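# Chains, contacts and geometry: an overview
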Amino acid sequence: MKRILNLLLLVALALTTWAQGAPALEQLKSDPRKAYGTDYPYSYEAQTMTKAPKGYKAFYISHYGRHGSRYYWNDALYRELDSLLTKAHRQHQLTPEGEAFRTKYDAAKRELAVSVSELSDLGWEQHQYIARTMYRDFKEVFKNGGDVYAISSLTGRCVVSMASFCEELKQCNPKIEIRMESARKVLDGVKPDDRQNPLRQTYPKSRPRFEQNRQQFKYNDGLRERIIPRVFTSTEGLPGTPHHIASNLINLYTSLPSIGHEGMMGNIITDQELAARWENENLGGYTWVFEPRYDMIPILRDIIKKADNVLNGSTKRLADLRFGHDTCLGPLTVLMGINGADIDPEDPYEVKNCYQTWETGKASNLQLIFYRSKKAGDPILIKCLLNGIESTLPLPSDLYPYYKWDDFKTFYTERCNSVQPQ
């Protein structure tokens, strides 16, 4: 039996890899920036869509999007680097490359200090792009105008992301009427684990199975040790341990393309070095999204409820839009098993085939596209897009990437009901 289960797992992983295109490590070779993980800026690469089955047209979209690119979420990073570089400069402990970096950092530090955690210009543009792409690819949903409802978490960068998306959608067709809302009463549908959510519930947590075998993963890249001498002639007397200093430098580096300061650090770190260590970082990323997956049950219920309201005629919405965080979207992809994210392999080397941290990058998004047939009695179909790419669901289908809505609703309602809040 165990042998059969292992075979089924390998088949599922193979199908997932096929659905996502090139294997993860090959994708890294072609775009090393994917190693930035959740800091990876949204890709503007055009995607090919599978033609809808004969007689079917899209009529409704359910969406969840992470906020766009932002400044670093914690002001400690900027404060600590400012103090570090200033002291190292005064004590003549910077290399020539370190001095060049300090000069550029010093010129930008006021901007960084006043912009902590806020949406950048790129973040605004990303949501404009996603909205335009949605309108272009599914124009039949929006061409006659109608109602759209958008909700956001209470965080400013999410509210502004929502505004960017909705404004662009209305630019595409002024006949679209959009109601936007950011309030505690909508948190269950966008950030259910928010402490301000009056309906907040606590769900059980569990670690992925690979964690029991993590010691089998052999890893030793020494990147932190290599970074330090590129910047400092010595770290003696400087604030922070060498490990912490190097971690701060890595975090700054991966955030720079999101805020228009790419190149600030010169060659202190390279994308290729980050790509070489990505698989190990991805293990931690999988645990991070796997453990709280059940906390996202309210979002999945919200998706089902609002779609049902459209299908039974209670509302005539063209789309339901949600704007939140990677801490919600990542676990939601695991809860839903998108592209095999719920496979939960025992082998740490297989984790990269079911989850990749860049799928939860800046402005990452999930779109469920609903299709109706001209022929009465034909089933409602649904297609799943993750970051604009047609993706798999753990459901039967002889029309991939299209699935029957009834199968979707039954499967995910049962999955939600199978886990009770504590």
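Residues numbered from 1 in each chain as written. Predicted model: local features only at pLDDT ≥ 70, side-chain atom pairs only at ≥ 80, totals over all residues. Heavy atoms only, no water.

### Quick notes on helix 13 (residues 326-336)
The condition that has to hold: Each residue is assigned to one of three classes by its accessible area relative to the maximum for its type, calculated with a 1.4 Å probe on protein chains only: buried under 20%, partly exposed between the two thresholds, exposed over 50%. The numbering of helices and of strands both runs from the N terminus, where a helix is a DSSP run of H or I of at least 4 residues and a strand a run of E of at least 2. Between two residues, a contact is recorded if the distance between any of their heavy atoms is within 4.5 Å.
Counting buried residues along helix 13, ten of its eleven residues qualify, which places the element largely inside the surrounding structure. For helix 13, the complete set of buried residues consists of Asp-326, Cys-328, Leu-329, Gly-330, Pro-331, Leu-332, Thr-333, Val-334, Leu-335 and Met-336. Looking at the buried side of helix 13, the elements it contacts are strand 1 (56-66), helix 11 (278-290), helix 12 (297-311), strand 5 (365-373), strand 6 (381-386) and helix 14 (405-417). One or two steps after helix 13, the chain reaches Gly-337, where phi turns positive at roughly 70°.

### Overview of the pattern of salt bridges
The condition is simple: Whenever a carboxyl oxygen of Asp or Glu lies within 4 Å of a side-chain nitrogen of Lys or Arg, that contact is scored as a salt bridge.
This model, assessed by the stated rule, comprises 30 salt bridges. Between Lys-306 and Asp-302 there is a salt bridge, and its shortest N-O distance comes to 3.2 Å. You can see Lys-306 and its partner Asp-302 sitting in helix 12, four residues apart, about one turn around the helix. Each member of the pair, Lys-306 as well as Asp-302, carries the same accessibility label: buried. Each of Arg-207, Glu-211, Arg-214 and Glu-291 takes part in one network of salt bridges that share partners.

### A closer look at the packing of helix 13 against helix 14
Rules: Lines fitted to C-alpha atoms define the axes here, with helix axes fitted over just the stretch in contact, and angles between the N-to-C directions of these axes take values from 0 to 180 degrees. To sort the angles, those under 35 degrees are grouped as roughly parallel, those over 145 as roughly antiparallel, those from 65 to 115 as roughly perpendicular, and the leftovers as oblique. For this classification, Asp, Glu, Lys and Arg are treated as charged, while Ala, Val, Leu, Ile, Met, Phe, Trp, Tyr, Cys and Pro are nonpolar and the rest, including Gly, are polar.
Orientation of helix 13 relative to helix 14, taken along the N-to-C sense of each, is 110°, at an axis distance of 11 Å. In this view, helix 13 runs roughly perpendicular relative to helix 14, as classed from their interaxial angle. Residue-level inspection shows Val-334, Leu-335 and Met-336 of helix 13 in contact with helix 14, the latter providing Phe-408, Tyr-412 and Arg-415. Classifying every residue of the contact of helix 13 with helix 14 by side-chain character gives five nonpolar, no polar and one charged.

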